[in-house]
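# A closer look at the structure
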Amino acid sequence: MTTTRQPVFIREVKQTDLHPWRDHWAQYQAFYQVDLGPAITERTWARFFDPAEPMHCAVATDGERAFGFVHYVFHRSTWGRNDFCYLEDLFVCPSARGRMIGKQLIEYVQDQARQQQCDRLYWHTQETNRTAQRLYDWIAEKPGVIEYRMPLDVAH
């Protein structure tokens, strides 16, 4: 008996994707050992559907199941004439890894960035995320940038 996998395609998120997205979003946060809480989760979800927001989400699906997501943001830059596209979050559920879904999600964002005539598509990952780095090293260049962070006491 042969099992055939349904093809996976990438599309813009829909309101009906809330529950699988939320489950994957929780797994993503657990991987990075953070808990952003319900207020940030709700605000993030709402931003995907606000036409005034530069934040977007696409999901990987076979029509029945969601296998992962990608979040990306268009923003201005002093380093380019046109906007840049920042791929902020990428997640593929562990049971679907190895099927090139992460690559498909990145290529979807690449296509969106080209349609918006962005000058650059870029993203970050943790130094310890070797699995993701194998994919990233294969499809993109590593410019050697080091990120620094400074917490800000801002009222929520």
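Residues numbered from 1 in each chain as written. Predicted model: local features only at pLDDT ≥ 70, side-chain atom pairs only at ≥ 80, totals over all residues. Heavy atoms only, no water.

## Some words on the nonpolar core
Taken as a class, soluble globular proteins show a tendency for nonpolar side chains to be buried jointly. One finds Phe69, Val70, Ile101 and Leu105 to be the most contacted residues of the largest nonpolar core, which totals 37 residues. Among the elements of the structure, α1 (18–31), β2 (55–61), β3 (66–75), β4 (84–92), α3 (101–115) and α4 (130–139) are those that each provide at least two residues to this core. (Core = buried A, V, L, I, M, F, W, Y, C linked by side-chain atoms within 4.5 Å. Buried < 20%, exposed > 50% of the residue type's maximum accessible area, 1.4 Å probe, protein only. Helix = DSSP H or I, 4+ residues; strand = E, 2+ residues; numbered from the N terminus.)

## Notes on the pattern of salt bridges
In total, this model carries seven salt bridges according to the counting rule given. When the shortest N-O distance is used, the salt bridge between Lys103 and Glu107 registers 2.4 Å. With a gap of four residues between them, Lys103 and Glu107 both fall in helix α3, about one helical turn apart. (Salt bridge = Lys/Arg side-chain N within 4 Å of Asp/Glu carboxyl O.)

## Topic: α4
Residues of α4 that are buried include every one of Ala132, Gln133, Leu135 and Tyr136, and no others. In a view along the axis of α4, the buried residues occupy a sector of 160 degrees, so they form one face of it. Projecting away from the buried face of α4 at angles above 90 degrees are the exposed residues Arg130, Thr131, Arg134 and Trp138. In this fold, the buried residues of α4 make contact with β4, α3 and β5 (120–123). (Arc of directions from axis to C-beta. Contact = heavy atoms within 4.5 Å.)

## Some details on the sheet that holds β2
Sheet architecture is open: five strands sit in the order β1-β2-β3-β4-β5, paired in mixed fashion. If you trace the sheet from one side to the other, it starts and ends with β1 (9–12) and β5, each paired once. The mean angle between the axes of side-by-side strands here comes to 30 degrees, regardless of whether they run parallel or antiparallel. As paired strands, β4 and β5 are joined by four bridges and run parallel to one another. Within the sheet, the bridge partner assigned to Tyr86 lies in β5 and is Tyr122. Those strands touched by α1 are β2, β3 and β4, and its axis lies near 80 degrees from that of β3. (Pairing = 2+ DSSP bridges. Axes fitted to C-alpha atoms, helices over the stretch in contact; angles between N-to-C directions.)

## Details of the confidence of the model for the chain
Across the chain, the average pLDDT comes to 92, with 96% of residues at or above 70. Confidence, expressed as mean pLDDT per element, reaches its minimum in the chain at α4 with 84 and its maximum at β2 with 98. (pLDDT = per-residue confidence, 0-100.)

## A few points about α1
Side chains three or four residues apart in an α-helix point the same way, a direct result of the helix having 3.6 residues per turn. Compared with an ideal rise of 1.5 Å per residue, which puts 14 residues at 20 Å, α1 spans 20 Å between its outermost C-alpha atoms and is within 8% of the ideal. Residues of α1 that are buried in the fold lie against α2 (37–47), β2, β3 and β4. Downstream of α1 by a residue or two, Gln33 has a phi angle that is positive, lying close to 55 degrees. (Expected span 1.5 Å × (residues − 1).)

## Quick look at the packing of aromatic side chains
The full count for this structure, using the stated rule, is 17 aromatic pairs. Measuring from ring centre to ring centre gives 5.8 Å for Trp21 and Phe48, while their planes differ by 85 degrees; the resulting arrangement is edge-to-face. Placement of Trp21 in helix α1 and of Phe48 in the loop between α2 and β2 is noted, with a sequence separation of 27 residues between them. Here Trp21 and Phe48 have matching classes, each one buried. Plain terms: the ring middles of Phe84 and Tyr122 are 6.2 Å apart, the flat faces sit at 70 degrees to each other, and that makes the pair edge-to-face. Of the two residues, Phe84 sits in strand β4 while Tyr122 sits in strand β5, which places them 38 residues apart along the sequence. Owing to a relative accessible area of 24%, Tyr122 belongs among the partly exposed residues under this scheme. Through successive ring pairs, a cluster of aromatic residues spans Trp21, Trp25, Tyr28, Phe31, Tyr32, Trp45, Phe48, Phe49, Phe69 and Phe91. Between the NZ or CZ atom of Arg99 and the centre of the ring of Phe67, over which it lies, the distance is 5.2 Å. (Phe/Tyr/Trp six-rings, centres within 6.5 Å; stacked < 30°, edge-to-face > 60°. Lys NZ or Arg CZ within 6 Å of the ring centre and 35° of its normal.)

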